[in-house]
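Tertiary structure, described
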Amino acid sequence: MAVSGSDFKQWLEARGITTSASELGRLTGLHRVTVGNQIRRGNVPESTVVGVARGVGMDPIAALADFKEYKDLDSRPRSPTAAEVLSQVHHADLMVELQHRFHEDLFPRNDKVRIDFPHDGSHRAWIDAIDTGDVRHDVAEKTGTAITYLFNQLSDNKLTPIQAVTAARVSGTSMVAGLVVVGLITMEEGDWPEDIRETALMVMKNEDLVELIQQRLNLLQRRLRQRKEALEYAEKLTDLIG
Amino acid sequence: MNDSIYVISVSFMLIFLGGLTFHRLTSRTTPEGARALLRPSGRLALMGVLLTAAYVFSLPGVYQVLESIVPISNGTDFIAKCCAMGAVAVLGVHLAVAYGSDTAINWIVGKRGALAVVIAALGVFFTLLAAETPTPSPRLVDYADQAAVEWNEWIVLAYTAYVLGPLLLPVFRDSRKNPLQFGRLASRLIFVGFVLSIARAIAYPLELQAGGEAFYIFELVTHVSTACVVLGLWAFAFAKSRQLARKTFDTGLSIK
């Protein structure tokens with residue numbers, strides 16, 4: 001889902017930004033034909049809006065909030081919860097922290113969390129972190145997505161901006177955080193301090209850290225099993241038929 | 001015009017089938033050449049040989065030469081049809097075993113399958129004998145208005161539908177659930193090919209009503225369906241040789 005072409009044009013005019021495809025291409029770094037096609041087809045991705053906003057020096061969040069789908073985007077505090085922040089820490093970094101807590105001389109703490117997000121499984125981890133009950137079904141219903149397709153998107157780390165904002169909306173958490181998690185806006189644009197992940201990791205209680213690692217390892221185990229089954233099926237069939 | 005369409009499509013099929021069959025028999029993974037036919041994975045090569053032979057025998061020049069050898073008039077058409085049905089039977093066995101479909105195995109493999117192919121071959125033979133076909137005519141096109149020739153043609157189509165029918169469901173299922181995108185595409189191609197072949201058998205009364213002129217158009221449907229199936233099989237072979245499954249579903253933990 002994206003913003004409509006007519007809304008995008010109106011927004012450009014209201015903000016006094018050029019509607020020329022080549023100029024928009026220059027601002028966003030996209031090819032002018034691509035931008036032209038997006039407008040003509042009436043389906044302008046949020047990344048184009050953000051690109052234009054960045055190009056003209058405007059706050060991307062304020063730009064997105066001009067569209068009806070995102071009008072309440074900045075109506076809640078922007079800062080994420082600790083669980084949301086920790087969801088964006090890879091389990092390898094979580095385990096480094098665990099090792100450090102076992103023996104700080106043998107396993108010195110990293111100054112920085114090493115693995116950036118989005119990483120494999122980070123969208124699913126974020127949804128799990130904000131889930132208060134049935135967030136997946138709510139998102140599927142409100143965005144008109146088939147629930148199985150949403151599960152696939154989460155497995156493939158392909159949550160869309162509108163799905164992320166909808167998930168945050170129904171969970172009562174920061175909607176801006178959702179856009180940071182899906183990578184539409186940067187941590188800086190979302191008002192996340194640079195060391196937010198390191199800080200959240202350091203202050204985490206031992207039992208919470210172990211529980212989080214356990215959850216992540218369970219997910220990893222399931223994922224590996226699924227991949228192994230898929231590999232066996234596909235390999236068997238290609239071997240037999242090919 | 002119709003003749004041109006036929007010659008072009010048959011030539012294309014010959015190049016396509018012959019090329020892929022030759023490649024399979026001579027590829028580095030099967031250096032034993034024709035002996036590959038004896039192995040389970042050689043079934044596809046056998047299918048390619050039979051199908052190519054069926055097309056070659058139907059070429060007017062080859063047909064005329066063979067007609068001077070065979071003891072009965074238009075016996076070459078019988079041989080070509082037996083080759084085509086043999087190819088379908090081999091394909092059916094190959095896919096029934098590969099997809100592991102019990103229904104397909106019950107109908108296509110073993111005594112029931114053998115009986116079906118024997119009955120179909122006898123049917124084709126006796127209808128040829130029953131027809132009045134004094135001069136050579138590939139695909140018996142010149143005698144298409146005779147009831148025996150109509151039956152002759154329909155038996156081949158019906159046997160094809162008999163073999164492909166039980167495979168429709170397993171192929172369709174795989175085209176939806178195969179975790180490998182390329183595998184899904186391959187199964188979809190095979191499925192489309194099967195649907196076209198079965199549709200031609202079911203729509204045979206329409207073909208008869210449409211008259212002799214429409215024969216080549218319906219024949220084109222068979223060529224398209226064959227091309228779809230062969231392309232699908234090639235896609236599986238490609239996925240196997242490139243180890244696409246292993247590359248796609250890497251179970252390593254590295255995130256580099």
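Residues numbered from 1 in each chain as written. Chains lettered and ligands numbered in written order. Predicted model: local features only at pLDDT ≥ 70, side-chain atom pairs only at ≥ 80, totals over all residues. Heavy atoms only, no water.

1. Regarding the overall build of chain B
Short version of the rule: Where helices and strands are cited, they refer to DSSP runs of H or I of at least four residues and of E of at least two residues respectively, numbered from the N terminus. The classification of residues rests on relative accessible area computed with a 1.4 Å probe and restricted to protein chains. Under 20% of the type maximum is buried, over 50% is exposed, and intermediate values are partly exposed. Each accessible area is a Shrake-Rupley estimate made with a 1.4 Å probe; only the visible protein chains count as cover when residues are assessed.
Helix and strand counts for chain B come out as 11 helices and zero strands. Going from N to C terminus, chain B has its helices and strands arranged as α-α-α-α-α-α-α-α-α-α-α. Counting only residues that meet the buried cut, chain B has 46% of its 256 residues in that class. A total of about 12900 Å² of accessible surface is found on chain B, and carbon and sulfur atoms cover 68% of it.

2. As for the nonpolar core
Rule in force here: Throughout, nonpolar core names a set of buried Ala, Val, Leu, Ile, Met, Phe, Trp, Tyr and Cys residues whose side chains join them through atoms within 4.5 Å. It only takes one pair of heavy atoms within 4.5 Å for two residues to be counted as in contact.
Of all hydrophobic cores here, the largest spans 58 residues; its most connected members are A:Phe8, A:Trp11, A:Leu24, A:Leu73 and A:Trp126. A per-element tally of this core places helix α12 (residues 175-181) of chain A first, with six residues. Apart from residues lying up to four places away in sequence, A:Phe8 is in contact with A:Val3, A:Leu24, A:Ile39, A:Val44, A:Thr48, A:Val49, A:Val52 and A:Phe67. Counting residues in each nonpolar core, the second largest holds 50 residues, with B:Tyr63, B:Met85, B:Tyr143 and B:Ala148 among its members.

3. Comments concerning the environment of B:Asp102
Summarising the element assignment, B:Asp102 is placed in helix α5 (residues 102-108). Linking B:Asp102 and B:Pro138, residues 36 residues apart in sequence, is a C-alpha distance of 38 Å.

4. Things to note about the pattern of salt bridges
Side-chain pairs of opposite charge can arise where the charged atoms are in close proximity. What counts, and what does not: For this analysis, a salt bridge means a side-chain nitrogen from Lys or Arg found within 4 Å of a carboxyl oxygen belonging to Asp or Glu.
Tallied over the full model, the rule gives 24 salt bridges over all chains. As a salt-bridge pair, A:Lys68 and A:Asp7 come within 2.8 Å of each other at their nearest N and O atoms. With a gap of 61 residues between them, A:Lys68 in the loop between α5 (60-65) and α6 (82-87) and A:Asp7 in helix α1 (residues 5-14) connect regions that are remote in the sequence. One continuous salt-bridge network, built from bridges that share partners, spans B:Asp77, B:Lys81, B:Arg139, B:Glu153, B:Arg200, B:Glu207 and B:Glu219.

5. Re the interface of chain A and chain B
How we decide: Accessible-area loss on putting two parts together, using a 1.4 Å probe and summing over both, is the definition of buried area adopted here. Think of a polar contact as two N or O atoms within 3.5 Å of one another; within protein, one of them needs to be a possible hydrogen donor and the other a possible acceptor, and neighboring residues in sequence only count if both atoms come from side chains.
Each side of the interface is counted separately: chain A has 17 residues, and chain B has 24 residues. Roughly 1900 Å² of surface becomes buried between chain A and chain B when both sides are summed, with 71% attributable to carbon and sulfur atoms. When the area that chain A buries against chain B is broken down by residue, the three leading residues are A:Tyr233, A:Ile241 and A:Gly242, summing to 31%. Counting every contact that joins chain A to chain B gives one salt bridge. Taking the shortest distance from any N to any O, the salt bridge between A:Glu235 and B:Arg246 comes out at 3.0 Å. For the pair chain A and chain B, the number of links is four residue pairs in polar contact (both at pLDDT 80 or more).

6. Focus: the confidence of the model for chain B
Heads up, the rule is: Residue-level confidence of the predictor is what pLDDT reports, using numbers from 0 through 100.
Looking at chain B, pLDDT values average 84 and 84% of them are 70 or higher. In the predicted complex, the global pTM is 0.75; the interface-specific ipTM is 0.78.

7. Some thoughts on the packing of aromatic side chains
This is how the line gets drawn: For Phe, Tyr and Trp, rings pair up if their centres lie within 6.5 Å, where Trp contributes its six-membered ring, and each pair is then called stacked (planes under 30 degrees apart), edge-to-face (over 60) or tilted (otherwise). Throughout this description, the term charge over a ring refers to an Arg CZ or Lys NZ atom that lies within 6 Å of the ring centre and within 35 degrees of the ring normal.
Scanning all chains against the criterion turns up 11 aromatic pairs over all chains. One aromatic cluster is present, formed by A:Phe8, A:Trp11 and A:Phe67 through successive ring pairs. Above the ring of B:Trp107, the side-chain terminus of B:Arg112 is found at 4.6 Å from the ring centroid.

8. Focus: the state of the cysteines
All names here are of chain B. To keep it simple, the criterion reads: Here, two cysteine sulfur atoms that lie within 2.5 Å of each other are counted as a disulfide.
For the coordinates displayed, the defined rule picks out zero disulfides over all chains. Of all cysteine sulfurs in the structure, the one in Cys83 sits closest to Cys82, which takes part in no disulfide; the separation is 7.2 Å. Residue Cys82 is classed as partly exposed on the basis of its relative accessible area, which comes to 25%. Taking relative accessible area as the criterion, Cys83 reaches 13% and is therefore assigned buried.

9. Here we look at unusual backbone geometry
Residue and element names in this part refer to chain A. The residue after Phe117, namely Pro118, is reached through a cis peptide bond having omega 0°. Take Pro118: it is sitting in the loop between α7 (91-102) and α8 (122-130). Within the chain, Asn157 stands out as a residue other than glycine whose phi angle is a positive 60°. Classification of Asn157 as buried rests on a relative accessible area of 17%. The backbone phi angle of Asp191 is positive, close to 60°, even though this residue is not glycine. Following the sequence through the fold, Asp191 ends up in the loop between α12 and α13 (196-202).

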